[in-house]
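Overview (structure and organization)
Chain by chain, the residues:
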Amino acid sequence: MKTVIVYESMYGNTRALAEHIAAAVRRTGEVDVAAVAVADATPELITGADLVIVGGPTHVHGMSWSTTRRSAVEEADTPDSLDPDAEGPGLRDWFHQVDRVHDTPAAAFDTRIDANPAFTGRASVGISRRLRHHGFREIAEPESFLVDKESHLLAGEEDRAEQWARSLLDRLRQA
């Protein structure tokens, strides 16, 4: 089974979760697993995937824009606090290059501040909508993983991401 996890990350949280999700998938015996930044997620990589998981940070109530990505880079405490791919393309750019698929199973996740989603928004909702638009079949509701106001993952979120990954595989096997 081929699983591709595509992520956009500004401060490393979404990347860290993508890597935890990939590790959880590998522990189930699946060996063809890739966690890749949007810049490296070519249409060819997605072709033939049995499961595609896409995640990104929540910016201004939804998926990032080029302006919010630039602001995040400018607001970083130090260049070291940025993800290595922070200045690359975002998920909106990636979705413009994604080919239409037919019924490929998929799931969406985001990182967002630990507050009521009515106030923070959820990038995963927009990711989910775009996945469906491109012909992906969602196997789970969009998921949010939480960070504090200093953009650090809350305790236990990596474990929760791994549990979520295992639940995705269980749903896929039962389908």
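Calculation rules
- Residues numbered from 1 in each chain as written.
- Predicted model: local features only at pLDDT ≥ 70, side-chain atom pairs only at ≥ 80, totals over all residues.
- Heavy atoms only, no water.
- Helix = DSSP H or I, 4+ residues; strand = E, 2+ residues; numbered from the N terminus.
- Rg over C-alpha atoms; globule rule 2.2 N^0.38 Å.
- Buried < 20%, exposed > 50% of the residue type's maximum accessible area, 1.4 Å probe, protein only.
- Contact = heavy atoms within 4.5 Å.
- Areas by Shrake-Rupley, 256 points an atom, 1.4 Å probe, with all protein chains shown as cover.
- Lys, Arg positive; Asp, Glu negative; His and termini not counted.
- Charge placed at Lys NZ, Arg CZ, Asp CG, Glu CD.
- Salt bridge = Lys/Arg side-chain N within 4 Å of Asp/Glu carboxyl O.
- Axes fitted to C-alpha atoms, helices over the stretch in contact; angles between N-to-C directions.
- Parallel < 35°, antiparallel > 145°, perpendicular 65-115°, else oblique.
- Left-handed = near helix turned anticlockwise from the far one by under 90°.
- Nonpolar A, V, L, I, M, F, W, Y, C, P; charged D, E, K, R; others polar.
- Phe/Tyr/Trp six-rings, centres within 6.5 Å; stacked < 30°, edge-to-face > 60°.
- Pairing = 2+ DSSP bridges.
- Right-handed = clockwise from strand over helix to strand, strands pointing away.

Description of the overall build of the protein
Within the protein, the regular secondary structure consists of seven helices and six strands. Sequence-ordered secondary structure for the protein, helices as α and strands as β, is β-α-β-α-β-α-α-β-α-α-β-β-α. Whereas a compact globule of 175 residues would reach a radius of gyration of roughly 16 Å, the protein reaches 15 Å, a difference of no more than 12%. Reported as C-alpha extents along the three principal axes, the dimensions of the protein are approximately 45 × 35 × 30 Å. In the protein, which comprises 175 residues, the share counted as buried stands at 51%. Across the protein, the fraction of contacts at a sequence separation of at least 24, relative to all contacts at a separation of at least 6, is 78%. Looking at the protein as shown, the accessible area adds up to about 8600 Å², and 48% of this sits on carbon and sulfur atoms. Placing the 19 positive and 29 negative side-chain charges of the protein at their respective mean positions leaves the two points 6 Å apart.

Section: the pattern of salt bridges
Counted under the stated rule, the structure contains nine salt bridges. One salt bridge in this structure joins Arg27 and Glu162, with 2.3 Å as the shortest N-O distance. Note that Arg27 is positioned in helix H1 (residues 13-27) and Glu162 in helix H7 (residues 157-174), a separation of 135 residues in sequence. The exposure class assigned to Arg27 is exposed, which follows from its relative accessible area of 53%. Here Glu162 falls in the buried class, since its relative accessible area comes to 11%. When the shortest N-O distance is used, the salt bridge between Arg160 and Glu143 registers 2.9 Å. Here the residue Arg160 occupies a position in helix H7, and Glu143 occupies one in strand E6 (residues 143-147), the gap between them amounting to 17 residues.

Some details on the packing of H1 against H7
It is at 8 Å that the axes of H1 and H7 come closest, and there the two elements cross at 45°. Here H1 is positioned oblique relative to H7, judged by the angle of their axes. The way H1 lies across H7 gives a crossing that is right-handed. Contacts from Leu17, His20, Ile21, Ala24, Val25 and Arg27 of H1 reach H7 at Glu157, Glu158, Ala161, Glu162, Trp164, Ala165, Arg166 and Leu169. A class-by-class count of the residues in the contact of H1 with H7 yields eight nonpolar, one polar and five charged.

Quick notes on helix H6 (residues 123-133)
In an α-helix, one full turn covers 3.6 residues, which means residues spaced three or four apart are oriented alike. Residues Ala123, Ser124, Gly126, Ile127, Ser128 and Leu131 constitute the buried set of H6. Looking at the residues trailing H6, positive phi occurs at Gly135, about 95°.

Side note on the packing of aromatic side chains
Counted according to the given criterion, the structure contains four aromatic pairs. Aromatic side chains Phe109 and Phe145 sit 6.0 Å apart centroid to centroid with 75° between the ring planes, which places their arrangement in the edge-to-face category. Separated by 36 residues along the polypeptide, Phe109 in strand E4 (residues 105-113) and Phe145 in strand E6 bring together distant segments of the chain. In this structure, Phe109 and Phe145 share a single accessibility class: buried. Centre to centre, the rings of Phe109 and Trp164 are 5.9 Å apart; their planes meet at 65°, and the pair counts as edge-to-face. Of this pair, Phe109 sits in strand E4 while Trp164 is found in helix H7, placing the two residues 55 residues apart along the sequence. Every member of this aromatic cluster is reached through a ring pair, and the members are Phe109, Phe145 and Trp164.

Some remarks on the pairing of strand E2 (residues 32-37)
The two faces of the sheet receive side chains in turn, since in a regular strand these alternate between them. The pairing of strand E1 (residues 2-7) with E2 spans six bridges and is parallel. If you follow Val6 over to E2, its bridge partner there is Val36. In this view, the connection linking E1 to its parallel neighbour E2 by way of H1 has right-handed handedness.

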